[in-house]
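Listed here are the chains, written in short residue letters.
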Amino acid sequence: MSDKMTLQVLANHARAAAENMAYTLHRTAHSAFVKETQDFTVMVMDRLGDTFAVPMELGATWYPGLTYGRAIEMIDDYCPGDVAFTNDPYSGHVATHAPDTHLWKPVFHEGEVVAWTGGHIHNTDMGGAVPASLSRSLTEIHQEGLRFPPMKLVNEGVFDAQILRIMETNVRKPNLNIGDIKALVGALNTGERKVQAMLARFGRDGFLSGVAALKDQAEAQAREILRAIPDGEYSFADYADEDSDFANPCRLNLTLRIRGDSAELDFTGSDPQLGSSLNVPSGGDPRHTILMVGVYYVLYTLNPQLLLNTGITRPFTCIAPEGTVLNPVAPAAVGMRSLTCARLRSVIFGAFSQAVPERMPAAPAGNNCIVNVMTHDERSGQKIIAAVNPVVGGGGGMPDRDGTNGSGADAAYLRNTPIEITETEVPVEFVKYGLARDTGGAGRWRGGLATEMAFRVFAPDTRITARNRDRSRFRPWGVLGGRAAGLAEMVINPGTPDARQMGSADTAILQPGDVLSLRSAGGGGRGNPMEREAWRVALDVRRGQVSEEAARAEYGVVLKAGEVDEAATAKLRAEARVHEGHFHYGPERDTFEAQWSEAAYTRLTDILTALPVQWRFFVKTEIFRRMEGRVGAEGVSAAFDETCARFPDIPQPQATAEAAE
Amino acid sequence: MDGICAPADWKVGVDIGGTFMDFCALDTTSGRIASLKVLTTPDDPGAELLTGLDLLTEREGLDPACVTRFVHGTTVGINTILQRKGAKLALVTNEGFEDVIELARLAMPDMYSLFCHRAEPLVPRDRIFGVPARLRADGSEPLAPTPEAVREAVVQARGVGVEGIVVSFLHSWRNGAQETAVKAMIEAEAPDLFVFTSSEVWPVIREYERSSTTILNGYVHPRVAGYLEALENRLAGRGVPTKALLTKSNGGLMSAFEGRRDCVSMLLSGTASGVIGAAWLARQAGASQVLTLDIGGTSADFALIVDGEVQYGADERIGDFPLYIPSVSVSSIAIGGGSIASVDGHGVLRVGPESAGSTPGPACYGRGGTEPTVTDAMAVCGWLGQAEMAYGQLQIDRDLARAAVASLAEPMGRSVEETAEAILNIAVSEMFVEVEKLGSRAGVDLRDFTLMPFGGGGPMMGAFLARELGMSRVLAPRRPGVVSALGGLVADMRGDFLQTVFAGLDDSAVPQLRAAFDALRREGQAWLVAQGHDGAAQIRLSADMRYAGQSYEIETPLEPDWLSDPARMAAAFHGTHRQIYDFEDQNGAIEIVNLRLSAIGLTPKPDMAQESAVEAAPAVPARQVRVHLNGTRDIPLFERANLVPGAAFHGPAVVCQEDTTLAVPDGAAAHVDRHLNIHLEFAE
């Protein structure tokens, strides 16, 4: 079956198995997280636990390169009918935060394990300090809910009642968890049946060699893509607005090294592990799927025929030093790692943008903000907790079209809820739901516009959470002369005397009559905006997507009664200054980097790397506290000296080095 | 009918596809059925109709004056959308919500691509006009639109030259009066523009889906109305005395006159009536669990018939846009006879998504196509080209097919025949993925089903797909090319009506439900009268219900007297929920979102001639032909016209007929029933 003439037949059967699993889970799950948000994955894996097929229409996009191998090995003696599980981010490095519960099941053929079916669901709550188990303010994994290291959940078809009892006792919505877990077990059973059908169709040897060929084929496709990318070293950094409640930026740094048909992603220079739950637990696996998600998008964009399986990860090696935000050591909290992951993706997009500028878009908005309302419904007398629409989007300008408005790129899997449904079920009234003018980065191809949503509430002490809010300080970047996009914003009572700008906050408390307005960032622009056809700019103005002032200021297009004034436009465009440099970041990042230069960060990284892990975030915070009036590497050194003077207990780098020897 | 027609009473079903217009004419006095295919005339839609009627007169002795029923299925609406040749529309909606159409439901296909994007909306943003206005979810109106604001929108819409205006306001599912008032203001200002409101087209909750459905209606309205008017004139000109009927997306019929305004109801006209026709044939043949497979040039359509019933859904897609009205559920995949095979940079053979379509079409059609298609692979393997096709209107040139497939075989270092077989295997496996998904979505085990292939390409690939799916039965109808046209002849009049109630299911909801039911029943009865239906009628009642907190409703059939008994309705919902989702929540609060009613005007079912059963006897092949199926071999070819009831044979074999070829794989036991269907059974 490794015959290339018939490989596509096996690939289709494998995908059908995965799609079947996804539909079974989606159809039978209980919680809104699984049914609506589709925060789940399913996969079919080979003997080693490497994923070889995923669904293409349902579920999240994160795990086609996931391997369960490490978790599988932590349990002995699998029998037919067994299902194992874990949700512990620090055992086996399959789960990446506590709500994500992963299950796997062996597929036997004549007494031998020939494949595995697996998948995850995001449980609504796993217990711990806060409802839903997620808050940026948490600082250690133990606050983030109950953890199960890899263990058997089902023994030869029978659920372990003790495990279920423990879970029921410790979580806030036990029925949802148990219902979803049973639905996932059903999906694994479906997958097992489909794999058995493949074994009957292709034979044991044909199946095994065919699956190996699928991984080889994906690897070959990935290598072909890499070969077409010029060899070289491409460096890029990007920042999340706030690293914790201390509100300093969180920097992710990548050096992408392309060598022939392989690549190295070196994340050295990224922040130390944080005293918040923004850490990404990769376990230092050089091919951990959570580090690779941005790569999947890049590869698939460069070749939409790409087979998505673990084969595509083989040409890549990630370096994420221990004790950093991308490889934290226990017990660092990890619940809100999805915010960091969004930034991680934009760092990868930025590096590839330099390597293949002609084939990559500008930055997408990169803030996949999920909004929840907790309020009181006067009509029913009940307390209500409900998800309102995600506020996302704006894709980056593409090589030959504008960025997608209000969604697109790495946010395309998120769905909204109809306003009519929300208003019927939740006591809120929408004031606006649409696109925000002048928020897409200007460019030959404009960035996608931001989403803007505003709603009024009616009950006192209505609590809003807007998880994953970001990009209120650092803009999605433009490329090749295109400009950075508009910033995200959260305002209470906009346009009134008591308007309150909420900065990067992700929670708010509202009183009766208050209006909360949320805006995402836009997508970055691509190419010189002065080269955008004037008629297109005029159309943008007619469509309310670009203002007449911005048409003039950003695009050099002068309109008279809605029509292009050709002469005035030509004159204005002739005088326009082109932005030099591959990226355009906007004034906020330029100002920040004037102080926090590359050299400053190199110095900071050196200082922190030399410290024991538990000191690093503390020292980072104290150095930031002392950077007022200081600049660059020398500024960092001076701030560090001052920190050491204030905290003489900080271990001296030499001392720690000697102690280690 | 008058005395002249005493010896004949013709019922004519006509369905138009991409390449052919199919005719199915039934003489009810004799039970004789005649079928015909005529090439379409894309430059003059409707002209092929007269050609077909002339041919029926010539060949079958049809007298247009004796046609007592004329049912038409047409793609004019859907093609208008796919080709984007519809009306220039404006949308008037709430200020602050002008982008609802563009944002849609946010999520989009191809979610792994950084270049994913949405289709350009049918109404671009510069023709969407926001008016200050607001309804609340309870139907109250805190802010009424002013005539001045509406007038301003109309002036601007006129300024950009629109032909019609679509009106869609938030919460008009609950209270249509606001839209009706705006419509009146627009009509006063611009009597020359047509206007549709979302609450009159389909008053369902969910602003994007309702608006999209209304836009689709307005977008196709001028072309559909023009086409239908011309159709009625042509028929009248030929002396056809009966009023034309149209097949609808819901599998029922309406008058062509109704279709001029209710355009959105006939967008899936032909595909839906295909499933209706298939269900009728299946019932005759005694099959109750059926997977239908209709393969055309560019796509394959699949549908499930469960316990003898066609399945309905409310969120079909037309091209890039949701159509949120009740429709026969049909899944589609872009693999058909015209799908092109290619070899990628790694030497892996693929099929599709590119298609040679009907122009230039497969290489073997000799119309200038050179790329190897699925149909060419069929010809190379010997399944095609053994006999005349499409009533003599197509010649298969197997040399051209070989040359096209050879262009792939050479670089792969394989024989032309091996390559052709591989192409067919891959095409079947592409369909396998989609059908497996359909089965899984519906929660059924396809191994319990019978596959019924129809359309031009269905019978060629159907049995192979059945094997891939582990299905052991195939049912090949006698006239697979005219199943959709036949579907029109056996369909009932059917109008669907909906009121969104959105209430908790308890005693307090009863008055509201009773009132809604009475209103729906009146609407339904009035609709049947308007269609000119004077025969027996039925009403079917159902409700879209869900557990509080869910956001997908499921349709639960109800009896009218249950409306006074919430416990009875709850029991029905729990049962339906368990059936679909494998669990129920006896303690869960239930919401009733929509009450729905279908008014069904029963039409007399044709009484087709059938042979009385005869003794089983081995069929006699016309000759042996050479095919490539796991190697080259000679297998028997049967002429379908000579296969009488009781005839039996074994695969591999090929069965030729005017409009298609049935490929019978190894291991199949075939027999012909008294309706002339061929049944294939595979031993497990």
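Note that the coordinates shown come from a computational prediction; the quantities given were computed from them, not determined experimentally.

Caption draft 1: Broad picture of the overall build of chain A. For chain A, the helix and strand inventory stands at 17 helices and 24 strands. Against the globule reference of 26 Å for 661 residues, chain A gives a C-alpha radius of gyration of 26 Å, in line with a compact fold. Seen through its C-alpha atoms, chain A measures out along the principal axes to roughly 80 × 65 × 65 Å. Sequence-distant contacts, at least 24 apart, represent 72% of the contacts inside chain A between residues at least 6 apart.

Caption draft 2: Just the packing of helix H14 (residues 598-609) of chain A against helix H15 (residues 613-625) of chain A, in detail. Residue and element names in this part refer to chain A. For the pair H14 and H15, the least separation of the axes is 9 Å and the interaxial angle reads 145°. Here H14 and H15 pass one another in a crossing that is right-handed. Of the residues in H15, those in contact with Leu 604, Ile 607 and Leu 608 of H14 are Arg 616, Val 619, Lys 620 and Ile 623. Looking at the contact of H14 with H15, its residues break down into five nonpolar, no polar and two charged.

Caption draft 3: View of the interface of chain B and chain A. Counting residues at the interface gives 58 residues for chain B, matched by 61 residues for chain A. When contributions to the side of chain B that touches chain A are tallied by element, the ones reaching two or more residues are helix H3 (100-103), helix H7 (207-237), strand S20 (349-355) and helix H12 (416-442) of chain B. Counting residues per element, the side of chain B that touches chain A draws most heavily on H12 of chain B, at 11 residues. Each residue belonging to the side of chain B that touches chain A can be placed in one class, and the counts come to 27 nonpolar, 14 polar and 17 charged.

Caption draft 4: The arrangement of the domain arrangement of chain B in detail. For chain B, the domain assignment lists domain 1 (10-80 + 225-266), domain 2 (85-220), domain 3 (492-601) and domain 4 (617-682). Inter-centroid distance (C-alpha atoms) of domain 1 of chain B to domain 4 of chain B is 33 Å.

Caption draft 5: Geometry of the packing of helix H7 (residues 289-302) of chain A against helix H8 (residues 337-355) of chain A. All names here are of chain A. In contact at an axis separation of 8 Å, H7 and H8 are set at 45° when each is read in the N-to-C sense. Judged by the inter-axis angle, H7 sits oblique to H8. The handedness of the crossing between H7 and H8 is right-handed. Residue-level inspection shows Ile 290, Val 293, Gly 294, Val 295, Tyr 297 and Val 298 of H7 in contact with H8, the latter providing Cys 341, Leu 344, Arg 345, Ile 348, Phe 349 and Phe 352. The class makeup of the residues in the contact of H7 with H8 is 10 nonpolar, one polar and one charged.

Caption draft 6: Seen up close, the pairing of strand S18 (residues 489-492) of chain A. Sheet topology places S18 of chain A next to strand S21 (residues 515-519) of chain A; four bridges connect them, and they run antiparallel. Residue pairing for S21 of chain A: Ile 492 of chain A is matched across the bridge by Leu 516 of chain A.

Caption draft 7: Up close: unusual backbone geometry. Following Ala 330 of chain A, the chain continues into Pro 331 of chain A via a peptide bond in cis, with omega recorded as 5°. Gly 352 of chain B connects to Pro 353 of chain B through a cis peptide bond whose omega is 0°. Looking at the secondary structure, you find Pro 353 of chain B in strand S20. For Ala 247 of chain A, which is not glycine, the phi dihedral falls at a positive 65°. Among the structural elements, Ala 247 of chain A can be located in the loop between strand S8 (232-240) and strand S9 (250-259). In the Ramachandran plot, His 171 of chain B falls in the positive-phi region, its phi being about 65° despite a non-glycine side chain. Mapped onto the secondary structure, His 171 of chain B falls in the loop between strand S7 (164-167) and helix H5 (177-189).

Caption draft 8: Inspection of the domain arrangement of chain A at higher detail. According to the domain assignment, chain A contains domain 1 (4-222), domain 2 (364-528) and domain 3 (596-660). Centre-to-centre, using C-alpha coordinates, domain 2 of chain A lies 37 Å away from domain 3 of chain A.

Caption draft 9: Region of interest: the sheet that holds S7 of chain B. All names here are of chain B. The strand order across the open sheet formed by four strands is S6-S5-S7-S8, and the pairing between neighbours is parallel. Edge positions in the sheet fall to strand S6 (128-131) and strand S8 (194-197), since each has one partner strand and no second. This sheet shows a mean twist of 20° between the axes of neighbouring strands, independent of strand direction. The pairing of strand S5 (residues 89-94) with S7 spans four bridges and is parallel. Within the sheet, the bridge partner assigned to Leu 89 lies in S7 and is Gly 164. In the packing of helix H4 (residues 147-159) onto the sheet, contacts are made with S5, S6 and S7, and the angle to S6 comes to roughly 170°. With respect to the sheet, H7 is in contact with S5, S7 and S8, its orientation differing from that of S7 by roughly 170°.

Caption draft 10: View of helix H11 (residues 398-412) of chain B. Residues and elements named next belong to chain B. Between its terminal C-alpha atoms H11 stretches 21 Å, which fits the 21 Å expected from 15 residues at 1.5 Å a residue. The axis of H11 is deflected most strongly, by about 35°, at Ala 406. Where the residues of H11 are buried, they touch strand S19 (339-343), helix H10 (374-381) and H12.

Caption draft 11: Geometry of the environment of Ala 485 of chain B. Residue and element names in this part refer to chain B. Among the structural elements, Ala 485 can be located in helix H14 (residues 483-490). Using a count of 31 C-beta atoms within 10 Å as the deciding quantity, one classes Ala 485 as buried. Considered as a pair, Ala 485 and Ile 16 are 469 residues apart in the sequence and their alpha carbons are 8.5 Å apart. Setting aside its immediate chain neighbours within four residues, Ala 485 contacts Gly 13, Val 14, Asp 15, Asp 22, Phe 23 and Cys 24.

Caption draft 12: Summary view of the confidence of the model for chain A. When pLDDT is averaged along chain A, the result is 94, and 98% of the positions lie at 70 or above. Note that residues 655-661 of chain A has pLDDT below 50 and, in this model, four contacts with residues that lie over four places away or in other chains.

Caption draft 13: The arrangement of the sheet that holds strand S28 (residues 623-628) of chain B in detail. Residue and element names in this part refer to chain B. On the basis of which strands lie adjacent, the open sheet formed by four strands has the order S28-S29-S31-S32 and mixed pairing. Bordering the open sheet on either side are S28 and strand S32 (661-664), each of which pairs with just one other strand. Across the sheet, the mean angle separating the axes of adjacent strands is 30° when strand polarity is ignored. Both strand S31 (residues 653-656) and S32 contribute to a ladder of four bridges, which runs antiparallel. Looking at the pairing, Cys 656 lines up with Thr 661 of S32.

Cut-offs and rules
Residues numbered from 1 in each chain as written. Chains lettered and ligands numbered in written order. Predicted model: local features only at pLDDT ≥ 70, side-chain atom pairs only at ≥ 80, totals over all residues. Helix = DSSP H or I, 4+ residues; strand = E, 2+ residues; numbered from the N terminus. Rg over C-alpha atoms; globule rule 2.2 N^0.38 Å. Contact = placed C-beta atoms within 7 Å. Axes fitted to C-alpha atoms, helices over the stretch in contact; angles between N-to-C directions. Left-handed = near helix turned anticlockwise from the far one by under 90°. Nonpolar A, V, L, I, M, F, W, Y, C, P; charged D, E, K, R; others polar. Domains from an automatic or database assignment. Parallel < 35°, antiparallel > 145°, perpendicular 65-115°, else oblique. Pairing = 2+ DSSP bridges. Expected span 1.5 Å × (residues − 1). Bend = angle between axes of the 7 residues up to and from the residue. Buried ≥ 20, exposed ≤ 12 C-beta atoms within 10 Å, placed from the backbone. pLDDT = per-residue confidence, 0-100.

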